[in-house]
Amino acid sequence: MLHLTLQAKLHAAVRAALPDADTTAVLVRPCLDPRHGDYQSNALIGLAKQRKLNPRALAEQVKAALDVAELCDALDIAGPGFLNFRVRPAALAAVLQAEAAKEQPFVAKAAQPRTVVIDFSSPNVAKPMHVGHIRSTGIGDALQRVFRLLGHRVISDNHLGDWGTQFGKLLLGWKQILDRDALAREPIAELERLYKVINAECDANPARLEEAKQELVKLQAGDAENTAVWQEMIRVSQRQFDAVYGRLGVKFDHTLGESFYNPQLSAVVTDLLARGIARESEGAVGVFSDGSLPPKNDPFLVNRDGEWVADPALVRKSDGGFNYMTTDLATIDYRLKTWAPDEIIYVVDDRQAPHFRKLFLTFARWQADAAARVKLNHVGFGKILGEDGKPFKTRSGDTVKLEDLLNEAEERALAVVTEKNPDLSEAERREIARIVGLGAVKYADLLPNRQSDYQFSWDKMLALQGNTAPYLQYAYTRVRSIFRKSGANAETGARNAETALAAADELALAKHLMNFGLVLETVADECRPNFLCNYLYELAGLFARFYESCPVLKAEGTERATRLLLCDLTGRVLRQGLATLGIEVTEQM
Ligand code: ARG
C-alpha cells in the first residue's frame, strides 16, 4: 500500500537525519484536505520538539534524505513542519494494478495479530429476541468480521442468559399450564406466556411465589426432572435464536451460556472474601469502593441527595444465590485461562456501563497481573427510537420482535424491488428483497455513531438515495452491469493492460480506494463500524461522479483499461466492505 511504502522511506530518511530516532510513531496518512497533497506526515514536529530542534530545519534535512522521486511529483514542507506528498498518477496506477491482482485488494493483514474475544448478542432464554438485539448482534458481527479480515484471531462467544431466578416461575408454569401444541408452534412465545401468567399469580399470591421458589431451589440443587425441563427450555429457545442468526448470517465460535460458569461461582466469592476484596453486608456479599477514585468517577458510589453512599458490586445474595456480576467475573477468568486474549470486547447496551465499570475494576483488584495483560473493553450503544422520538414500539405499545421486524423489512423491500424491476420473476424479486431488506436494517443500525440513540425509519433506510444499504447495493449493481456489457474477461484484462490515470474523477476515485485498509484499521481500533459505512458511502459517491464524467465502455485502449480497472476495484471494495458489515450484494436490483 502506498502510504506504507512512503512511510518506510520516511523512516529511512528520519534515521539518516537522526540515527537514534524512534520511528514507531512516524506515520504517513492521507491528507484530509486534498489541496495540500495526497499523503501527509506531521511526526517531524513532535520529533523536533523532543530534541529542541527547529521543526522546519529538521523537515528540510529529512526531505533532502527522502528518496521518493519515483512515487511523488512533489514533496512540500508546510506550516510548522508538515511533510506533504503528492503522488504521481503512474505510481498510483501501478499500485491499483498490483492490488487488483490480490484476492483482497487494499487489505493489509495486521503485522501483529491479536487475540480478541468478542461477547455479543447474548439474548436471554425463554424471551424473544427483540429489536434491541439487532444492535449487539449487528455491531458485534461487524466487529468480528473486521478483526478477522485484518488477520486477528477472533473468538466470538454468545453469552446466553440461560440461568436466573425466572426459571422458578418458568418451571412451575411448564409443569402446570404448558400448552404442548403452542410450544411446538412458537416455543418462545409459549415460554413467555408461562412466565407472564405465573408471574402475575405470584404477585397476587405469596403461596404461589413460594411454590416457584421451591422449583428454583430444586433446579439449583440439580434435581433431575427440573434440570431436564430447564435444558429443554434452552433447546427450544436456541432453535429460535438460531433461526434468526441463520437469517442474519451471524455465526459464533462458542455459545457458553451463563450457566456454564455455575460450578465456579462459589469459589469466586470465597476467593474474593479471602483476599478482602469483597465483604459481607446485610447477609449479602459485595465489593465496595476502595477509595482510590474521586467519588464522581467511582462506580461503587452513588450520590443520594448530595451524599455519596455505597453502591457495591453484589456477588452473593442473602439467599445464597449468585449475581450477574459473579458470573461475569468467572467468565473473564475462564476466557483468560482458555484463550489468553489480548482484548475482550463486550458489545452491550450503554445502560450496562456501570456494571462493566464495576466488573473491570473488581477483576483488576482480584487478579492484577492477569488484568494488566488484557484490555477489557465495553463497546456500548444507544437506543432505537420510533419516529416519535420515544423508544421504538409496535402500534399496540409492545416491544418489536426481531423476527417480525426482519419479515417486514423483506416485505417492504419487495415493494421497492418490484417497482424498479417489474419484469423479474417473483422468486428473483424475493431473493433481491431479502438481501436489500436485511441489508437496509443492518446498515441503518451500523451507520450512526453507536453511542447515540437513533430513530428507526423504514422510508429512510430503504431509500435508494442517501447513505443507505440499498444505495450502496445499487452502486454495486451498476458496476456489475458494466461488466455484463463489456464482454468476457474484462476484469482480468484490465488488471494486466497498460493503464494511466488522467481525469480528476479517476484520480479522486483511485485515491479513495487506496484508503480502504486504513479505514478497516480505524474501525478495529475504535470498534466503530460507522467509519466503514461512511467510507463506502463516499466511495459510491466518487464512483457516481466518475461514471458520469468518464465513459467506460465507449472509451478505448489505455483509457478503457484504466476505467475498467477502477470499476473492478470499486465493485470489489464495495462488496468486501458490505460483507464486512454483514451485508450481501446482488448482481442486479
Ligand atoms: N444477557 C444479557 C442481557 O440481555 C447480556 C449479556 C452481555 N454479556 C455479558 N458478559 N454480561 O442483558
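Residues numbered from 1 in each chain as written. Predicted model: local features only at pLDDT ≥ 70, side-chain atom pairs only at ≥ 80, totals over all residues. Heavy atoms only, no water.

**Q** How would you summarise the overall build of the protein if you had to cite specific residues and measurements?
**A** When helices and strands are counted, the protein shows 23 helices and 15 strands. Structurally, the protein occupies a C-alpha span of about 85 × 70 × 45 Å along its principal axes. Here the protein holds 589 residues, and the buried ones make up 52% of them. For the protein, restricting intrachain contacts to residue pairs at least 6 apart in sequence, the fraction spanning at least 24 positions comes to 73%. Each charge class in the protein was averaged separately, 72 positive and 77 negative side chains, and the resulting centres sit 3 Å apart. (Helix = DSSP H or I, 4+ residues; strand = E, 2+ residues; numbered from the N terminus. Buried < 20%, exposed > 50% of the residue type's maximum accessible area, 1.4 Å probe, protein only. Contact = heavy atoms within 4.5 Å. Lys, Arg positive; Asp, Glu negative; His and termini not counted. Charge placed at Lys NZ, Arg CZ, Asp CG, Glu CD.)

**Q** Can you explain the sheet that holds strand β4 (residues 82–87)? Please cite residues and give values.
**A** Taking strand neighbours across the sheet as the criterion, the 4 strands line up as β1-β2-β4-β3 in an open arrangement whose pairing is antiparallel. At either end of the open sheet lies a strand with only one pairing partner, and these are β1 (29–30) and β3 (72–78). (Pairing = 2+ DSSP bridges.)

**Q** Can you explain the site of the ligand? Please cite residues and give values.
**A** Lining the immediate environment of the ligand, one finds Asp 119, Ser 122, Asn 124, His 159, Tyr 324, Asp 328, Tyr 346, Val 348, Gln 352 and Phe 356. Asp 328 places a polar side-chain atom, nitrogen or oxygen, 2.8 Å from a nitrogen atom of the ligand. The fraction of the free accessible surface of the ligand (350 Å²) that becomes covered by protein chains is 86%. Residues belonging to the shell around the ligand are distributed by class as follows: 4 nonpolar, 4 polar and 2 charged. (Near = heavy atom within 4 Å. Polar contact = N/O pair within 3.5 Å; in protein donor to acceptor, adjacent residues only side chain to side chain. Areas by Shrake-Rupley, 256 points an atom, 1.4 Å probe, with all protein chains shown as cover. Nonpolar A, V, L, I, M, F, W, Y, C, P; charged D, E, K, R; others polar.)

**Q** Report on the packing of aromatic side chains, specifying residues and quantitative values.
**A** This model, assessed by the stated rule, comprises 17 aromatic pairs. On the basis of an interplanar angle of 25 degrees and a centroid distance of 5.7 Å, the ring pair of Phe 516 and Tyr 535 is categorised as stacked. Here the residue Phe 516 occupies a position in helix α21 (residues 516–526), and Tyr 535 occupies one in helix α22 (residues 530–549), the gap between them amounting to 19 residues. With a relative accessible area of 4%, Tyr 535 lands in the buried category. Summarising the aromatic geometry, the rings of Phe 543 and Phe 546 are spaced 5.8 Å apart at their centres and angled 45 degrees between planes, so their arrangement reads as tilted. (Phe/Tyr/Trp six-rings, centres within 6.5 Å; stacked < 30°, edge-to-face > 60°.)

**Q** Can you explain the packing of helix α11 (residues 262–274) against helix α12 (residues 324–339)? Please cite residues and give values.
**A** It is at 9 Å that the axes of α11 and α12 come closest, and there the two elements cross at 95 degrees. What the angle tells us is that α11 and α12 run roughly perpendicular. Between α11, through Gln 264, Leu 265, Val 268, Val 269 and Leu 272, and α12, the contact on the second element is made entirely by Thr 326, Thr 327, Leu 329 and Ala 330. A per-class count over the contact of α11 with α12 returns 6 nonpolar, 3 polar and no charged. (Axes fitted to C-alpha atoms, helices over the stretch in contact; angles between N-to-C directions. Parallel < 35°, antiparallel > 145°, perpendicular 65-115°, else oblique.)

**Q** If you had to explain helix α6 (residues 166–177) to someone new, which residues and values would you point to?
**A** When the terminal C-alpha atoms of α6 are compared, their 16 Å separation across 12 residues agrees well with the 16 Å that a helix rising 1.5 Å per residue should span. Across the 12 residues of α6, 9 count as buried, placing the element largely inside the fold. Elements in contact with the buried residues of α6: α7 (180–185), α8 (187–204), α9 (206–220) and α10 (224–248). (Expected span 1.5 Å × (residues − 1).)

**Q** Requested: an account of the pairing of strand β8 (residues 284–287), with residues and values cited.
**A** On a regular strand, one side chain projects to one face of the sheet and the next to the other, so that they alternate. Here β8 shows no split at all, with Ala 284 and Gly 286 on one side and Val 285 and Val 287 on the other all buried. Joining the antiparallel neighbours strand β7 (residues 278–281) and β8 is a turn of 2 residues, in which Glu 282 adopts a positive phi near 50 degrees. Alignment of β8 against strand β11 (residues 313–316), held across 3 bridges, turns out to be antiparallel. Counted as the bridge partner of Gly 286 is Leu 314 from β11.

**Q** Give me helix α20 (residues 504–514): which residues, what numbers.
**A** The complete set of buried residues in α20 reads Glu 506, Leu 507, Leu 509, Ala 510, His 512, Leu 513 and Met 514. Buried residues belonging to α20 abut α1 (2–17), β2 (39–41), α4 (89–100), α21, α22 and α23 (557–580).

**Q** Can you lay out the pattern of salt bridges for me, pointing to particular residues and giving the numbers?
**A** Oppositely charged side chains are able to pair whenever their charged atoms sit close together. Overall, the coordinates contain 38 salt bridges when judged by the stated rule. One salt bridge in this structure joins Lys 383 and Asp 453, with 3.7 Å as the shortest N-O distance. Pair noted here: Lys 383 is in the loop between β13 (375–379) and β14 (384–385) and Asp 453 is in the loop between α16 (426–446) and β15 (454–455), with a separation of 70 residues, a long-range link. Its relative accessible area of 36% is what places Asp 453 among the partly exposed residues. One salt bridge in this structure joins Arg 563 and Glu 559, with 3.4 Å as the shortest N-O distance. Taken together, the residues Arg 563 and Glu 559, both in helix α23 and 4 residues apart, mark about one turn of the helix. Judged by its relative accessible area of 40%, Glu 559 is partly exposed. By sharing partners, the salt bridges in this structure join Arg 114, Glu 343 and Lys 375 into a single network. (Salt bridge = Lys/Arg side-chain N within 4 Å of Asp/Glu carboxyl O.)

**Q** Can you tell me about the packing of α6 against α8, naming the residues and giving the values?
**A** One way to put it is that α6 packs onto α8 with a least axis distance of 8 Å and a crossing angle of 105 degrees. When the interaxial angle is binned, α6 and α8 end up roughly perpendicular. The segment α6 lies against α8, with Gln 166, Lys 169, Leu 170, Leu 172, Gly 173, Trp 174 and Ile 177 engaging Glu 190, Leu 191, Arg 193, Leu 194, Tyr 195, Val 197, Ile 198, Asn 199 and Cys 202. A per-class count over the contact of α6 with α8 returns 10 nonpolar, 3 polar and 3 charged.

**Q** Report on the environment of Asn 421, specifying residues and quantitative values.
**A** Within the element layout of this structure, Asn 421 appears in the loop between α15 (402–420) and α16. Given the relative accessible area of 17%, Asn 421 is considered buried. Counting along the chain gives 121 residues from Asn 421 to Phe 300, while the straight-line C-alpha distance between them is 59 Å. Every residue in contact with Asn 421, bar those within four places of it in the chain, is listed here: Arg 429 and Met 589.

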